[in-house]
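Each chain, written out:
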Amino acid sequence: MPPPSSALDVIALGQIARDLAVLVDALPGPHGTTPVRERREMLGGKGANQAVAMAQLGLRPGMVGVVGDDAVADRLLEQLACDGVAGTWVTRRPGAATGLVVDVVDCGRSWRYLEDLPPEVLLGEADLTAAADALADVQTVVIQLQQPAPVALTAARMARRGATTVVLDGAPQDPRLRPALLAEADVLRADHREAELLAGRPLRGADDTVRAARELLECGPGLVVLDAGQEGNVLVWDGGEVVVPLADVVVVDTTGGGDAFVAGLVAGLACGAGPEQAGRLATAAAASTVRRLGGRPHLTPVGVVEQLARMQGRAWHT
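Residues numbered from 1 in each chain as written. Predicted model: local features only at pLDDT ≥ 70, side-chain atom pairs only at ≥ 80, totals over all residues. Heavy atoms only, no water.

Undergrad: Before we go on, may I ask you to explain the overall build of the chain in this structure?
TA: Within the chain, the regular secondary structure consists of 10 helices and 13 strands. Radius of gyration (C-alpha) of the chain: 19 Å, near the 20 Å computed for a compact globule of 318 residues. Over its C-alpha atoms, taken along the principal directions, the chain stretches across nearly 50 × 45 × 40 Å. Here the chain, with 318 residues, has 54% of them falling under the buried criterion. Of the contacts made within the chain by residues no fewer than 6 positions apart, 68% connect residues no fewer than 24 positions apart. In the form shown here, the chain has an accessible surface area of approximately 13,500 Å², with 52% of it arising from carbon and sulfur atoms. Here the chain contributes 28 positively and 39 negatively charged side chains, and the mean placements of these two sets differ by 3 Å. (Helix = DSSP H or I, 4+ residues; strand = E, 2+ residues; numbered from the N terminus. Rg over C-alpha atoms; globule rule 2.2 N^0.38 Å. Buried < 20%, exposed > 50% of the residue type's maximum accessible area, 1.4 Å probe, protein only. Contact = heavy atoms within 4.5 Å. Areas by Shrake-Rupley, 256 points an atom, 1.4 Å probe, with all protein chains shown as cover. Lys, Arg positive; Asp, Glu negative; His and termini not counted. Charge placed at Lys NZ, Arg CZ, Asp CG, Glu CD.)

Undergrad: Looking at this structure, how should I read the nonpolar core?
TA: Note on soluble globular proteins: their nonpolar side chains tend to be buried together. Counting residues in each nonpolar core, the largest one holds 48 residues, and the members touching the most others are Ile11, Val64, Ile143, Leu168 and Leu226. When residues of this core are assigned to their parent elements, the largest contribution, eight residues, is made by helix H4 (residues 149-160). Filtering out sequence-adjacent residues up to four positions away, Ile143 remains in contact with Leu13, Ala152, Ala155, Ala156, Val166, Val167, Leu168 and Asp169. In terms of nonpolar packing, the next biggest core, distinct from the first, is built from 47 residues, Val10, Met63, Val266 and Ala287 among them. (Core = buried A, V, L, I, M, F, W, Y, C linked by side-chain atoms within 4.5 Å.)

Undergrad: Where do I start with the pattern of salt bridges in this structure?
TA: Once the charged atoms of two side chains with opposite charge are near each other, the side chains can pair. In this structure the tally under the stated criterion is 18 salt bridges. A salt bridge links Asp169 to Lys46, with the shortest nitrogen-to-oxygen separation between them at 3.7 Å. Of this pair, Asp169 sits in strand S9 (residues 165-169) while Lys46 sits in helix H1 (residues 46-56), and the two are 123 residues apart along the sequence. Among the charged side chains, a network of salt bridges with common partners joins Arg157, Arg160, Glu184 and Asp186. (Salt bridge = Lys/Arg side-chain N within 4 Å of Asp/Glu carboxyl O.)

Honestly, that's just the spatial picture; any functional story needs more than this.
Put into structure tokens, the structure is as follows:
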């Protein structure tokens, strides 16, 4: 049984999957083969990655998601508990296979995903029932918008019954529900592709992204955080804005960087940091993750603090 929601700081709602990451020199052509330089199999999925990263940053996370009824699910849920995700409201879907994501990365740092995430391992509204009270009681709920938009909206409204901070990650799959979802959000985070979907136009550079974030701020969130590509991440709130540059690290695989960013952002805000400080923590968490193959976070408070120190001299734009 999950612990009382009072024992948790945050609940992540999203995908749980088996991740297989492989590093190759280059992708083979048709009918070709290539040796694998490095291979990692791990607990993954955006929701699970975020929950694990938040645990590594010192929060007490819970998890709402769906797995199959196979042996893979047994191993993933075991790992989730070992990683410090103490409260789980996870549906075991009879007859379904647990989701699989294959991450193929070449030496040019380009990635390609092969995903087996059938509808059976996405959340349905009935899957939220057991977690309804916890969603309203916990301090923060992080909702991954790769889940069906009606389910995300129901979860956000459940959280709104209490004093919960609602963090949306991504862009709603159904544009018709976008206004309703944004109206329920306290924080909206989107990567560059998702930011362009939300804005309805290409975003070229930080200034353009700041303007888009200002527009989204009018839709309900109190803080909008958008990926501005190589210029960093834009954070906009009522009365302030900042562009946090990317950290100067050797990137191996960007998979999971966004999930670590969300975890760092949530951890910073949960500890009372302002948007700028939370954005810096998020950037440091992402930088610590992209130096390894695969999306699984490997964060420590000491490591993130050291990364923050290395970022001190970077330029900031306001």
